[in-house]
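As a plain string of letters, each chain reads:
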Amino acid sequence: MCLAIPARLIEKREHDQGLVDLGGIRQPVSIALVPEAEVGDYVIVHVGHAIGLIDPDEARKTLALFAEVQAGTQGAAP
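Since the model is a prediction, treat every value here as computed from it, not as a measurement.

**Focus: the pattern of salt bridges**
With the rule as written, the count across this model stands at 3 salt bridges. Here aspartate 57 ties to arginine 60 by a salt bridge, and the two come within 3.2 Å at their closest N and O atoms. In this pair, aspartate 57 and arginine 60 are both assigned in helix H1 (residues 56-73), 3 residues apart and thus about one turn of the helix distant. Residue classification places aspartate 57 among the partly exposed residues on the basis of a relative accessible area of 47%. Taking the relative accessible area as the measure of exposure, arginine 60 reaches 43% and is therefore partly exposed. Between glutamate 58 and lysine 61 there is a salt bridge, and its shortest N-O distance comes to 3.7 Å. In this pair, glutamate 58 and lysine 61 are both assigned in helix H1, 3 residues apart and thus about one turn of the helix distant. Judged by relative accessible area, which is 40%, glutamate 58 ranks as partly exposed. For lysine 61, a relative accessible area of 51% translates into the label exposed.

Structure below.
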C-alpha cells in the first residue's frame, strides 16, 4: 500500500527542493513535480517528493483524521 500525506511547505530552496512541516516535524522534499507551490501551500508528499497540491481545508481534515487514528491506536494491544 502506498501512502501520501499532506504537509505545509514552509520554505522553497534551490534546485527544486523545499522544506515541509508535518506536525512539527520538518522534512526536506523535492518540489520538482509542483513548481507552482508557494510557501504556505499544502502539498501531498510521497517518498520525499511533493506530488501535488491540496486544498488547505482538505489537508487539515486529513491531518485531523490521521491524528484520530494515531490516538486510537496508542495503548492498544498489538
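**Description of the side chain of aspartate 21**
Inspection of the secondary structure puts aspartate 21 in strand S2 (residues 17-22). A polar side-chain atom of aspartate 21 sits 3.4 Å from the main-chain amide nitrogen of glycine 24. In this structure, aspartate 21 is in contact with Ala7, Arg8, Ile10 and Arg26, ignoring residues within four places of it in sequence.

The rules we used
- Residues numbered from 1 in each chain as written.
- Predicted model: local features only at pLDDT ≥ 70, side-chain atom pairs only at ≥ 80, totals over all residues.
- Heavy atoms only, no water.
- Salt bridge = Lys/Arg side-chain N within 4 Å of Asp/Glu carboxyl O.
- Helix = DSSP H or I, 4+ residues; strand = E, 2+ residues; numbered from the N terminus.
- Buried < 20%, exposed > 50% of the residue type's maximum accessible area, 1.4 Å probe, protein only.
- Polar contact = N/O pair within 3.5 Å; in protein donor to acceptor, adjacent residues only side chain to side chain.
- Contact = heavy atoms within 4.5 Å.

Function cannot be read off these values alone, since they describe shape.
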